[in-house]
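A closer look at the structure
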Amino acid sequence: MKKYFPESELIINADGSCFHLHLKPEQLADKVILVGDPGRVNTVAKHFEEIECEVSSREFHTITGYYQGKRITVQSHGIGCDNLDIVVTELDSLANIDYTTRTEKDEHRTLTMVRIGTCGGLQPYTPVGTFVASVKSIGFDGLLNFYAGRNEVCDLQMEEAFKKHMEWNPIKGSPYVAIANPELLNKIAGEDMVRGYTISCGGFYGPQGRQIRIPISDPNQNEKVESFEYDGMKVCNFEMESSALAGMASLLGHEAMTCCMVIANRYAQKMNTEYKNSIDTLIKLVLDRI
């Protein structure tokens, strides 16, 4: 018997769209580019030859169109892993749940999702302007710990090595290590992106080691992160969404990865606030390769 999703769990708007994104099933392409900033959706879509539809709701802005014959949806998700929980769940529901009967479809539809983001570089070899592809993402947010099956899609040995290296305080919750789809990673990263580990933080200030007016619990956090090495690879960057995307996609049977442009190098204490002028190069790479 097919699983039925009641109104309180799968919320469908009166017009037949999903609750937060306000998208309808027929408006979603198989290839999805995810961006944090709603304004960046237009930056991506300006490269399209044809716009099929455009939808906006809160921080969720969507354009579906065509680039070099490929049907692509560009979807903004806002800031944080909690938003990715909403976006990935609702995109999957559009693909794999019949909104008329509220039951799972017989055939699974796989989405290909690439997040284009910005990040803080953590190594001398990730200066401002570097493109970083996240091979594995360490989630400080705890999101995946609320879902069954998280152990099957995470690197448990790396989790233990990281906690030991960091002298991890369990009061922070357990970090998880989500894995990008390897085939998609190779396709998108090519030979011109730095590959490494990424930490997805639950905030922009304290969780990333920034001390403004509140002291942080571990003043040596960033130094420990920078020195962590596992399987010959180091943590290259801080951002706030890649672990949720990789983890949720794995649990739901989709292909996903994140690539970011470094706009601040925490190691060198450099920052580029005018990054919006240069991220278009990364956008074009992803459009060509997705």
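The following paragraphs examine the structure supplied in this document. What you see is a predicted model; the values in this text were computed from it and never measured.

1. Describing the side chain of Thr 126
Along the chain, the position of Thr 126 falls in the loop between β7 (112-121) and β8 (131-139). The class for Thr 126 is buried, based on a relative accessible area of 0%. Apart from the residues within four sequence positions on either side, Thr 126 is in contact with Gly 121, Val 132, Val 194, Cys 236, Val 262 and Asn 265.

2. Notes on a nonpolar patch on the surface
A cluster of nonpolar residues, Phe 204, Tyr 205 and Ile 212, forms a patch on the protein surface that exposes about 340 Å² of accessible area. With respect to the secondary-structure elements, Tyr 205 resides in the loop between β10 (194-200) and α6 (221-227).

3. Some details on helix α7 (residues 242-252)
Every α-helical turn comprises 3.6 residues, leaving residues that sit three or four positions apart pointing alike. Most of α7 is tucked away: eight of the eleven residues are buried. Positive phi shows up at Gly 253, right after α7, with a value of about 80°.

4. With respect to helix α4 (residues 156-166)
For α4, the full list of buried residues reads Met 158, Glu 159, Phe 162 and Met 166. Buried residues along α4 cover an arc of 105° about the axis, so they all sit on one side. Those residues of α4 that are exposed and aimed more than 90 degrees away from the buried face are Gln 157 and Lys 164. Buried residues along α4 sit against β8, α3 (150-153), β9 (176-179), β10, α6 and β11 (229-230). Its side-chain oxygen 3.3 Å from the backbone nitrogen of Gln 157, Asp 155 forms the N-cap of α4. Two residues or fewer past α4, Glu 167 is found with a positive phi of approximately 55°.

5. Regarding the pattern of salt bridges
Between side chains of opposite charge, pairing is possible as soon as their charged atoms come close. Inspection of the entire model under this criterion finds 13 salt bridges. Note that Lys 46 is salt-bridged to Asp 280, the shortest N-O span being 3.8 Å. In this pair, Lys 46 sits in the loop between α1 (38-45) and β2 (50-57) while Asp 280 sits in helix α8 (residues 280-289), placing the two residues 234 residues apart along the sequence. You can call Lys 46 exposed: its relative accessible area is 55%. For Glu 241, the salt bridge is made with Arg 115, and the minimal N-O distance between the two is 3.1 Å. Placement of Glu 241 in the loop between β12 (233-239) and α7 and of Arg 115 in strand β7 is noted, with a sequence separation of 126 residues between them. In this structure, Glu 241 and Arg 115 share a single accessibility class: buried.

6. A short note on the packing of helix α2 (residues 81-96) against α7
Axis separation between α2 and α7 bottoms out at 9 Å; the angle between their running directions is 30°. As summarised for this structure, α2 and α7 are arranged roughly parallel, according to the angle between their axes. Crossing handedness for the pair α2 and α7: right-handed. Counted together, Cys 81, Leu 84, Asp 85, Val 88, Thr 89 and Asp 92 of α2 and Ser 243, Ala 244, Leu 245, Met 248, Ala 249 and Leu 252 of α7 form the full contact between these two elements. Of the residues in the contact of α2 with α7, the class split is eight nonpolar, two polar and two charged.

7. Overview of the nonpolar core
Within the largest apolar cluster, 34 residues are counted, with the highest numbers of intra-cluster contacts made by Leu 34, Leu 91, Met 113 and Tyr 176. Contributions of two or more residues to this core are made by β1 (31-35), α2, β9 and α7. Residues within four places of Leu 34 in sequence aside, it is in contact with Gln 75, His 77, Leu 84, Val 87, Leu 91, Met 113, Val 114, Arg 115, Ile 116 and Leu 245. The next biggest cluster of nonpolar side chains, apart from the first, holds 32 residues, and it includes Ile 63, Cys 259, Ile 263 and Ile 279.

8. Description of the side chain of Asn 181
The topology assignment puts Asn 181 in the loop between β9 and α5 (182-189). Look at Asn 181 and you get buried, because its relative accessible area is 18%. At a separation of 3.3 Å, a polar atom in the side chain of Asn 181 contacts the main-chain amide nitrogen of Glu 183. If we ignore the near neighbours within four places in the chain, the residues touching Asn 181 are Glu 255 and Ala 256.

9. Quick notes on the pairing of β2
Pairing of β2 with strand β3 (residues 60-67) involves seven bridges; the strand directions are antiparallel. Paired with Ile 51 across the strands is Gly 65, a residue of β3. Count of turn residues in the β2/β3 antiparallel hairpin: two residues, of which Arg 58 carries a positive phi of about 55°.

Parameters at a glance
Residues numbered from 1 in each chain as written. Predicted model: local features only at pLDDT ≥ 70, side-chain atom pairs only at ≥ 80, totals over all residues. Heavy atoms only, no water. Helix = DSSP H or I, 4+ residues; strand = E, 2+ residues; numbered from the N terminus. Buried < 20%, exposed > 50% of the residue type's maximum accessible area, 1.4 Å probe, protein only. Contact = heavy atoms within 4.5 Å. Patch = residues over 30% accessible without salt bridge, like charges linked within 9 Å, V, L, I, M, F, W, Y side chains within 5 Å. Areas by Shrake-Rupley, 256 points an atom, 1.4 Å probe, with all protein chains shown as cover. Salt bridge = Lys/Arg side-chain N within 4 Å of Asp/Glu carboxyl O. Arc of directions from axis to C-beta. Polar contact = N/O pair within 3.5 Å; in protein donor to acceptor, adjacent residues only side chain to side chain. Axes fitted to C-alpha atoms, helices over the stretch in contact; angles between N-to-C directions. Parallel < 35°, antiparallel > 145°, perpendicular 65-115°, else oblique. Left-handed = near helix turned anticlockwise from the far one by under 90°. Nonpolar A, V, L, I, M, F, W, Y, C, P; charged D, E, K, R; others polar. Core = buried A, V, L, I, M, F, W, Y, C linked by side-chain atoms within 4.5 Å. Pairing = 2+ DSSP bridges.

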